[in-house]
Amino acid sequence: MTQSPQGPDPSERMCPSTPVANATVFLGMITPAGRVAYVTPALPAEVAVDAAAEAGGPVEGRYRLAGPCVTSRCGFWTGEHCGLGERLVSSYAETVGPPEIDLPRCAIRRTCRWYGEQGPAACAACAHVVTDAR
Ligand code: SF4
């Protein structure tokens with residue numbers, strides 16, 4: 001991965017809510033309360049895939065997976081940034097208010113697309129996201 005003084009190359013960021021077909025990292029588990037319990041240090045996506053296979057049902061309904069951001073091959077890509085991360089932060093601010101300052105321990109923060117573009121507000125919204133596998 002290319003490094004710059006500002007961190008990883010923006011073209012090499014990770015998508016924090018990716019379907020299983022693109023997943024490389026097991027990011028977290030969806031708790032019964034609908035929040036994400038982040039897994040640190042990072043585990044391979046296969047760990048979540050195997051656990052979901054035992055439990056049944058789509059892996060994305062129980063786990064959050066991360067993988068390389070595919071930019072223009074994703075419907076949320078605006079041409080310059082991730083429109084989903086932007087939308088999540090904006091709707092979180094409207095419905096919940098200012099985000100908590102405490103950042104969860106997260107294995108991909110250094111390369112996360114949403115954090116890289118939206119800052120700490122992304123993490124508050126991220127904790128409520130269940131990936132839509134469609
Ligand atoms: S938005 Fe924050 S908590 Fe969510 S994956 Fe990115 S760095 Fe981690």
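This text follows the structure it describes.
Computed from a predicted model, the values in this text were never measured in an experiment.

With that out of the way, let us pick up the environment of Val-47. In this fold, Val-47 is placed in helix H1 (residues 45-55). Considering only alpha carbons, one finds Val-47 and Val-36, 11 residues apart in sequence, at a separation of 16 Å.

Looking now at the sheet that holds strand E3 (residues 14-15). With respect to topology, four strands assemble into an open sheet ordered E3-E6-E4-E5, the strand pairing being antiparallel. The open sheet has two free edges, formed respectively by E3 and strand E5 (36-44), since each of these has just one partner strand. Strands in contact with H1 are strand E4 (25-30), E5 and strand E6 (63-68); relative to E5, the strand with the most contacts, it is inclined by about 120°.

This part takes up the nonpolar core. Ranked by size, the top nonpolar core spans 19 residues in total, and within it Leu-27, Tyr-38, Ala-66, Ile-108 and Trp-114 carry the most contacts. Those elements that place two or more of their residues in this core are E4, E5, helix H2 (83-95) and helix H4 (121-126). Here Ile-108 is in contact with Met-14, Pro-16, Val-25, Leu-27 and Ala-66, once residues within four sequence places are set aside. In terms of nonpolar packing, the next biggest core, distinct from the first, is built from nine residues, Ala-45, Ala-48, Val-59 and Leu-65 among them.

Our next topic: the site of the ligand. Within the structure, the ligand sits among Pro-16, Leu-27, Tyr-38, Pro-104, Cys-106, Ile-108, Arg-109, Cys-112, Tyr-115, Ala-122, Cys-123 and Cys-126. At three residues, the largest contribution of residues to the shell around the ligand is made by H4. Of the residues contributing to the shell around the ligand, the split by class is 11 nonpolar, no polar and one charged.

Two strands pair when backbone bridges link them, and E4 and E5 are joined in this way by five bridges, in the antiparallel orientation. If you follow Met-29 over to E5, its bridge partner there is Ala-37.

Topologically, Ser-17 is positioned in the loop between E3 and E4. Side chain to side chain, Ser-17 and Thr-131 meet in a polar contact 2.6 Å long. Excluding residues that lie within four positions of it along the chain, Ser-17 makes contacts with Arg-64, Leu-65, Trp-114, Val-129 and Thr-131.

The subject of this paragraph is the environment of Ser-72. By the element assignment, Ser-72 lies in the loop between E6 and H2. Residues Ser-72 and Cys-82, spaced 10 residues apart in sequence, show a C-alpha to C-alpha distance of 9.6 Å.

Here we take up unusual backbone geometry. Excluding glycine, residues mostly carry a negative phi; peptide bonds, for their part, are mostly trans. Each neighbour pair has its own omega, and for Thr-40 with Pro-41 the value is -5°, a cis peptide bond. Inspection of the secondary structure assignment puts Pro-41 in strand E5. With phi around 45°, Thr-71 is a residue other than glycine that occupies positive phi space. According to the relative accessible area criterion, Thr-71 is partly exposed, its value standing at 23%.

Parameters at a glance
Residues numbered from 1 in each chain as written. Predicted model: local features only at pLDDT ≥ 70, side-chain atom pairs only at ≥ 80, totals over all residues. Heavy atoms only, no water. Helix = DSSP H or I, 4+ residues; strand = E, 2+ residues; numbered from the N terminus. Pairing = 2+ DSSP bridges. Contact = heavy atoms within 4.5 Å. Axes fitted to C-alpha atoms, helices over the stretch in contact; angles between N-to-C directions. Core = buried A, V, L, I, M, F, W, Y, C linked by side-chain atoms within 4.5 Å. Buried < 20%, exposed > 50% of the residue type's maximum accessible area, 1.4 Å probe, protein only. Near = heavy atom within 4 Å. Nonpolar A, V, L, I, M, F, W, Y, C, P; charged D, E, K, R; others polar. Polar contact = N/O pair within 3.5 Å; in protein donor to acceptor, adjacent residues only side chain to side chain.

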